[in-house]
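Geometric and topological summary
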Amino acid sequence: MLKLVEIYKQMCYNVCCKGGNRMNILEEKTKDLDTIYPHTENKIKYIKEYVKLWLNVSVNTKVVKNINFIDCMCNAGIYQNGILGTPTEILKLFCEYAPYHQNIKFNLFVNDINEERITIIKAIFEEQTNYKEISNIYVYFSNKDVNEYIDTLANLDSYFNYEARAFTILFVDPYRFGDVKIRKLNSFLTKFRSELIYNYFISDYRRNINNNYAETKQQMMIESMEGIEGYSSDMDGDQLLEVLKKSFESTKISYTFAYPFHIKNNAQLYYILYGTPHIKGIEKIKECIWNVFDGNPKYRTKKDENQMTLFTSKFQQESNENLYSREAIERVLNVFKGKEISYKELEEYVILNTMLNSSHIIRKIIRPLILEEKIEKCNIKGKSNYKEDRYIFQE
């Protein structure tokens, strides 16, 4: 964790003191920093872990020329207690990977409507990384309304199109539902092959869509869904989630997954809605959930963040594995009853329909079912090769 005052002393020297005219910069700019809450801190951990897993795949793909992370609403890159924001954490990851992959351009796009936040994030980037010394890292700053910014991105073909050989994540993290026009996201996702991380603020939608004292807010929400097939203003928050998923899946996004974040009283705050063109992305987001949240089906803020838990991370993971594997076994026995299927078919079904990921399939599903004689392994390439085999489910 960083000391905020130390950061700002350095920032004031780098950004302001060289100009010589601005007084009390530390006091003036501190107000532009947000307080960070436990759910936000864990959201950052979740996204950072996913990007790390994504980078491990991306940098080892032979055709890749550009790796892009776009933060459409980047905030200041740091919070009042010194915890780094998402774009700063992503830049630090780029600084780890880029020197070892000089043939790839690592492009970080950051935008915020608040000009002061952009001033701060520039200083934080310089304070916390050496990105300017790494020749294949490029950072692009912008100060626009999010919808205007997404329109601008749609014109940057040389970074995002097929010829660019790009791996791209579009990250959109609004303060409230209605700030972002969904059709703008869809236009980008239809034109370019990209992954999506979108914060769907379901609590804000539920609180305001039927609030007659918030007519301006209501109208903004309705306008943000303009042109989206299946949407109606009398929908509840869960119905809207399904509409959003289907809308994103009408673009180059093929698969979506929504992970819920809850506060202390277990009230649902938002979903981090993830979209990907490839099932490998769903596999990695599930791996991320197991790495960060021990496979729990949701994040919930603890009543006391400093309270010791009775259960270790390993115990929690094992408990979740056992619970989910029982549910998964029941499902696959029902769905594939009397059929012969490939490992790939089984893997895809489990990844898309349960909380398990690829690493659980052999250990928690296939081997137990073979022992119980409920499936038969064909042994096409030997007894020890599970992934290039086929399986017969009993009637």
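Our structure's up above, just so we're on the same page.
Source: prediction; values computed, not measured.

**Comments concerning the overall build of the protein chain**
A tally of regular secondary structure across the protein chain gives 15 helices and 11 strands. The buried share of the protein chain, taken over its 395 residues, is 53%. Of the contacts made within the protein chain by residues no fewer than 6 positions apart, 71% connect residues no fewer than 24 positions apart.

**Some details on helix α14 (residues 343-353)**
Considered for burial, the residues of α14 that qualify are Tyr343, Leu346, Glu347, Tyr349, Val350 and Ile351. Among the structural elements, α12 (279-293), α13 (313-335), β9 (340-342), α15 (358-371) and β11 (390-393) are those in contact with the buried residues of α14.

**Notes on the packing of α12 against α14**
Relative orientation of the contacting elements α12 and α14 amounts to 55°, with a least axis distance of 10 Å. In this view, α12 runs oblique relative to α14, as classed from their interaxial angle. Crossing angle aside, the handedness with which α12 passes α14 is left-handed. Contacts between α12 and α14 pair Ile279, Ile282, Glu283 and Lys286 from the former with Glu347, Glu348, Val350, Ile351 and Leu352 from the latter.

**Brief notes about unusual backbone geometry**
Of note in the backbone geometry, Asn75 takes a positive phi value of approximately 60° without being a glycine. Tracing the backbone shows Asn75 in the loop between β1 (66-71) and α4 (86-97). Asn75 sits in the buried class, given a relative accessible area of 10%.

**Regarding the pattern of salt bridges**
Between side chains of opposite charge, a pair can form when the charged atoms approach closely. One pass over the structure, following the stated rule, counts 20 salt bridges. For Asp157, the salt bridge identified is with Lys191, shortest N-O distance 3.2 Å. Taken together, the residues Asp157 in helix α7 (residues 157-160) and Lys191 in helix α8 (residues 182-191) connect sequence positions 34 residues apart. Put simply, Asp204 and Arg207 hold a salt bridge, and the shortest N to O gap is 3.1 Å. Pair noted here: Asp204 and Arg207 are both in helix α9 (residues 202-208), with a separation of 3 residues, about one helical turn. Several salt bridges share partner residues, and in doing so they unite Asp204, Arg207 and Lys217 into one network.

Rules used in this analysis
- Residue numbers here run from 1 along each chain, matching the order of that chain's written sequence.
- The predicted nature of this model means local features are confined to residues of pLDDT at least 70 and side-chain atom pairs, given and counted, to a pLDDT of 80 or more, with totals for whole chains, interfaces and linings taken over all residues.
- With hydrogens and water stripped out, all remaining heavy atoms of the structure feed into the side-chain values.
- Helix and strand assignments follow DSSP, with helices taken as H or I runs no shorter than four residues and strands as E runs no shorter than two, numbered in order from the N terminus.
- The rule is simple: take the accessible area with a 1.4 Å probe, protein chains only, and divide by the maximum for that residue type; under 20% is buried, over 50% is exposed, in between is partly exposed.
- Two residues form a contact once any of their heavy atoms are found within 4.5 Å.
- For every element, the axis is a line fit to its C-alpha atoms; helices are fit only across the contacting stretch, and the angle between N-to-C directions ranges from 0 to 180 degrees.
- Each angle is binned into one of four classes, with values under 35 degrees roughly parallel, values over 145 roughly antiparallel, values of 65 to 115 roughly perpendicular, and all other values oblique.
- Left-handed is the label given to a crossing in which the near helix is rotated counterclockwise from the far helix by less than a right angle, and right-handed is the label when the rotation is clockwise.
- Salt bridge, as applied in this entry: a Lys or Arg side-chain nitrogen positioned within 4 Å of an Asp or Glu carboxyl oxygen.

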